[in-house]
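Each chain, letter by letter, is given below.
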Amino acid sequence: MEIPLWFRWIALAIGALSLVGAYAALRRYRAAKLHDPRRPEAALDMADSLLGASLLVAFAFERYGLGLFVLAVQGVVLGMKAILGLRRRRAVVKPPLT
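Position numbers for residues start from 1 in each chain and track the written sequence from start to end. With the structure being a predicted model, the display of local features is reserved for residues of pLDDT at least 70 and the display and counting of side-chain atom pairs for 80 or more, all residues being used for whole-chain, interface and lining totals. The side-chain figures draw on all heavy atoms in the structure; neither hydrogens nor water molecules are used.

Undergrad: Now, about unusual backbone geometry: what can you tell me, with residues and values included?
TA: Non-glycine residue glutamate 62 carries a positive phi angle of around 60°. Helical segments are the DSSP runs of H or I of at least four residues, strand segments are the runs of E of at least two, and each set is numbered from the N terminus. Tracing the backbone shows glutamate 62 in the loop between helix H2 (38-60) and helix H3 (64-90). When a residue's accessible area, from a 1.4 Å probe over protein chains only, is under 20% of the maximum for its type it is buried; when over 50% it is exposed; and in between it is partly exposed. Taking relative accessible area as the criterion, glutamate 62 reaches 26% and is therefore assigned partly exposed.

Undergrad: Break down the side chain of aspartate 36 for me, with residues and values.
TA: Within the fold, aspartate 36 resides in the loop between helix H1 (5-31) and H2. Think of a polar contact as two N or O atoms within 3.5 Å of one another; within protein, one of them needs to be a possible hydrogen donor and the other a possible acceptor, and neighboring residues in sequence only count if both atoms come from side chains. At 2.9 Å, the side chain of aspartate 36 forms a polar contact with the side chain of arginine 38.

Undergrad: Break down H2 for me, citing the residues and quoting the values.
TA: Given a helix with a known number of residues, its expected span is that number minus one, times 1.5 Å. Over its 23 residues, H2 runs 33 Å from end to end, which matches the ideal 33 Å to within 8%, given 1.5 Å per residue. Directly beyond the C-terminal end of H2, a positive phi value near 60° is found at glutamate 62.

Undergrad: An account of the packing of aromatic side chains is needed here, citing residue identities and associated values.
TA: The description of two aromatic rings rests on the distance between their centres and on the angle between their planes. Note on aromatic contacts: the rings of Phe and Tyr and the six-membered ring of Trp form a pair at centre separations within 6.5 Å, being stacked when their planes are under 30 degrees apart, edge-to-face when over 60 apart, and tilted otherwise. Inspection of the entire model under this criterion finds 2 aromatic pairs. Relative to tyrosine 64, the ring of phenylalanine 59 lies with its centre 6.0 Å away and its plane at 40°, an arrangement referred to as tilted. Exposure remark for phenylalanine 59: the relative accessible area of 27% places this residue in the partly exposed category. A relative accessible area of 32% means that tyrosine 64 is categorised as partly exposed. Only when the NZ atom of a Lys or the CZ atom of an Arg is both within 6 Å of the ring centre and within 35 degrees of the ring normal do we say a charge sits over the ring. Its end group placed over the ring of tyrosine 29, arginine 39 keeps NZ or CZ at 4.2 Å from the ring centre.

Undergrad: Lay out the side chain of glutamine 74 with the relevant residues and their values.
TA: Checked against the element boundaries, glutamine 74 lands in helix H3. Here aspartate 48 takes part through its side chain, which lies 2.8 Å from a polar atom of the side chain of glutamine 74. Note on contacts: a residue pair qualifies if any of its non-hydrogen atoms lie within 4.5 Å across the two residues. Excluding residues that lie within four positions of it along the chain, glutamine 74 makes contacts with Asp48, Leu51, Gly52 and Leu55.

Undergrad: Help me get a handle on the confidence of the model for the protein, residues and values and all.
TA: Per residue, pLDDT captures the predictor's confidence, and it can take any value from 0 to 100. Here the protein averages 87 in pLDDT, and 95% of its residues register 70 or above. Confidence scores differ between elements of the protein, with H1 showing the lowest mean pLDDT of 89 and H3 the highest of 92.

Undergrad: Report on the packing of H2 against H3, specifying residues and quantitative values.
TA: Two numbers describe a pair of packed helices, the interaxial angle and the distance between the axes. The angle between two axes is taken between their N-to-C directions and runs from 0 to 180 degrees, where each axis is a line fitted to C-alpha atoms and a helix contributes only its stretch in contact. Following both chains from N to C, one finds H2 and H3 inclined at 160°, their axes separated by 9 Å at the closest point. Taken together, the axes of H2 and H3 lie roughly antiparallel to each other. When you trace H2 past H3, the crossing you get is left-handed. The class makeup of the residues in the contact of H2 with H3 is 16 nonpolar, 4 polar and 5 charged. Each angle receives one of four descriptions, namely roughly parallel if under 35 degrees, roughly antiparallel if over 145, roughly perpendicular if within 65 to 115, and oblique otherwise. By definition, any crossing whose near helix is turned counterclockwise from its far helix by less than a right angle is left-handed, and any crossing with a clockwise turn is right-handed. Gly counts as polar in this scheme, as do all residues outside two lists: the nonpolar Ala, Val, Leu, Ile, Met, Phe, Trp, Tyr, Cys and Pro, and the charged Asp, Glu, Lys and Arg.

Right under this line is the structure:
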């Protein structure tokens, strides 16, 4: 399947914006303390952004096998992000009964 040249440039531009998001997540990761609960979330956000950029590049240059592999890894990362979100909702501290 031939991908038009204009789509490749658009995909590369969106991939570059995704790399900016990965840089922001890296800064959040480095700013968090060692046992801060936001640290794993920032690492997963960074991995998600990097995988999104590589997925766009893989599909733009017609590397569908690599794209499917990246999709599988990104599914694992998104699943971990969902699990962290559910665990955070359950860990909400309830006020003591008086």
